[in-house]
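Chain residues, written in single-letter form:
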Amino acid sequence: MKKKAFITGIDGQDGSYLAEFLLAKGYKVYGMVRRVALEDPEHHLWRLRHLLDKIKLYPASLESYPSIFNVIEKVKPDECYHLAAQSFVSYSFEDEFSTINTNINGTHFVLSAIKEKAPKCKIYFAASSEMFGQVRETPQTENTPFHPRSPYGISKVAGFDLTRNYREAYGLFALSGILFNHESPRRGFEFVTRKISYGVAEIKLGLSKKLAVGNIYAKRDWGFAGDYVRAMWMMLQQDRPDDYVIATGETHSVKEFLELAFGHVGLDWKKFVVIDKTFYRPSEVHLLKGDYSKARRKFGWRPSVKFKDLVKMMVDHDLLRLKNKGADI
Ligand code: F7E
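Here's what I pulled together on the structure shown here.

Criteria and thresholds
Residues numbered from 1 in each chain as written. Predicted model: local features only at pLDDT ≥ 70, side-chain atom pairs only at ≥ 80, totals over all residues. Heavy atoms only, no water. Helix = DSSP H or I, 4+ residues; strand = E, 2+ residues; numbered from the N terminus. Expected span 1.5 Å × (residues − 1). Buried < 20%, exposed > 50% of the residue type's maximum accessible area, 1.4 Å probe, protein only. Contact = heavy atoms within 4.5 Å. Pairing = 2+ DSSP bridges. Axes fitted to C-alpha atoms, helices over the stretch in contact; angles between N-to-C directions. Near = heavy atom within 4 Å. Areas by Shrake-Rupley, 256 points an atom, 1.4 Å probe, with all protein chains shown as cover. Domains from an automatic or database assignment. Right-handed = clockwise from strand over helix to strand, strands pointing away. Salt bridge = Lys/Arg side-chain N within 4 Å of Asp/Glu carboxyl O.

## Overview of helix α7 (residues 151–170)
Item 1. With 20 residues, α7 should cover 28 Å at 1.5 Å per step; its first-to-last C-alpha distance of 28 Å lies within 8% of that length.
Item 2. Those residues of α7 that sit buried are Pro151, Tyr152, Gly153, Ser155, Lys156, Val157, Gly159, Phe160, Leu162, Thr163, Tyr166 and Arg167.
Item 3. Considering only its buried residues, α7 is in contact with α5 (89–94), α6 (96–117), β5 (122–128) and β6 (174–179).
Item 4. Gly171 occupies a position one or two residues after α7 and carries a positive phi of about 70°.

Written as structure tokens, this is what we have:
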């Protein structure tokens, strides 16, 4: 019998890579999306376009416990990957209440529904390096204390604690992946890497003249999303549930990303980039750099795409996309 995997947030960057990965492993893949996405798949499900006849999607919402409960009761999954969240850090400052409500309650609802209806199901929770926030040490490990600097980061700390508590209190196979930033040509356009790769492609093709960004001195540990979904699956294949940092172990500034991205198409970033303070955050996470040695030791995970190649991959994709007027995948 094929194993059943259930993915919340299947229509996002990670969800789409994970669905591909699990289908290739022989899983039956189920996903939960908002009803509006099912009604307008062309607009909302572009990352899944090539998979739609291979997966089963159910309408449900992170805001509604009954909707999540019903889907989990129907699917009775063997593995659940809880990726859905309001994940844009900037937006979490603009609407603190809905980010915190949706992200914390959504995670709580998924955990509770699994406990009630599929208690043997293994659960992956998408925690985040944003939990480290104002970092207490570098590099950050599974033992580094949390100090979140945004409503988003706070919601992820709560999700992490909820997941651990369901493991300890009810014996669920529930764990968290503390994933550092991970990018790809499927990244949402609001995140800085995609904003840059798309902006560079537009400027190169003469479709735009300037690119406005915020704090270019922030440093992140950027990996490739395709590598990171493999780690999610590997975590759930271990004998015992445990939490893991997934990262590259390197850190680079937004400025370095700009230099490489513009340099890749033969342009000097300084001629095109303008700093716009409206993109600054009320409290910034200045530096992230993860230590993934536990994941490497326990199940042999390591990243396969280097920073430079990630930048090139994204810029090349956006150039092609604009030339082809919308080749998304
Ligand atoms: O910002 C700076 C910004 O929005 C990265 C999410 O997936 O990874 C992501 O969170 C850095 C920040 O990602 C612009 O201030 C400068 O320091 O791409 P980002 P993020 O906030 O690091 C973690 C692991 C998650 O879990 C999140 O869900 O870039 N920055 N100028 C800018 N950022 C944006 N978005 N736009 C700018 O113009």
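## Describing the side chain of Thr163
Item 1. Within the element layout of this structure, Thr163 appears in helix α7.
Item 2. Those residues within four positions of Thr163 in sequence are excluded, and the remaining contacts are Thr107, Leu111, Phe125, Ala174, Leu175 and Ser176.

## Concerning the sheet that holds β6
Item 1. In spatial order, the strands read β3-β2-β1-β4-β5-β6-β11; together these seven strands make up an open sheet with parallel pairing. A single partner strand is all that each edge strand has here, and the edge strands are β3 (56–59) and β11 (244–246). Recorded for the sheet is a direction-independent mean angle of 25° between the axes of neighbouring strands.
Item 2. Pairing geometry for strand β1 (residues 4–8) and strand β4 (residues 79–82), over four bridges, is parallel. What sits directly across from Thr8, in β4, is His82.

## Side note on the site of the ligand
Item 1. Neighbouring the ligand are 24 residues, the closest being Ser87, Tyr152, Lys195, Arg281 and Glu284.
Item 2. Its free accessible area being 710 Å², the ligand has 96% of it covered by the protein chains.
Item 3. Here the shell around the ligand spans two domains, and each of domain 1 (4–182 + 222–246) and domain 2 (189–220 + 252–286 + 305–323) adds at least three residues to it.

## Focus on the pairing of strand β2 (residues 28–33)
Item 1. Of all six residues in β2, five are buried, a share of seventy percent or more.
Item 2. As judged from the five bridges shared by β1 and β2, these two strands associate in the parallel manner. Note on β2: the bridge partner recorded for Phe6 is Tyr30.
Item 3. On the question of chirality, the crossover connecting β1 to the parallel β2 by way of helix α1 (residues 13–24) is right-handed.
Item 4. Pairing geometry for β2 and β3, over four bridges, is parallel. Among the inter-strand pairings, Gly31 is bridged to a residue of β3, identified as Leu57.

## Some remarks on the pattern of salt bridges
Two side chains carrying opposite charge are able to pair once their charged atoms lie near each other.
Item 1. Summed over the entire model, instances satisfying the criterion amount to 17 salt bridges.
Item 2. Taking the shortest distance from any N to any O, the salt bridge between Lys3 and Glu79 comes out at 3.7 Å. With Lys3 in the segment before β1 and Glu79 in strand β4, the pair connects residues that are 76 residues apart, well separated along the chain.
Item 3. For Lys3, a relative accessible area of 39% gives the class partly exposed.
Item 4. In this structure Glu79 comes out as buried when scored by relative accessible area, which is 1%.
Item 5. Between Arg164 and Asp161 there is a salt bridge, and its shortest N-O distance comes to 2.8 Å. Here Arg164 and its partner Asp161 are both found in helix α7, three residues apart, which amounts to about one turn of the helix.
Item 6. On the accessibility criterion, Arg164 (31% relative accessible area) is partly exposed.

## What about unusual backbone geometry?
Item 1. Residue Pro139 is reached from Thr138 by a cis peptide bond, and omega for that bond is 0°.
Item 2. Relative to the assigned elements, Pro139 resides in the loop between β5 and α7.
Item 3. One non-glycine residue with positive phi stands out, namely Lys76, at about 45°.
Item 4. Within the secondary structure, Lys76 is located in the loop between α4 (65–75) and β4.

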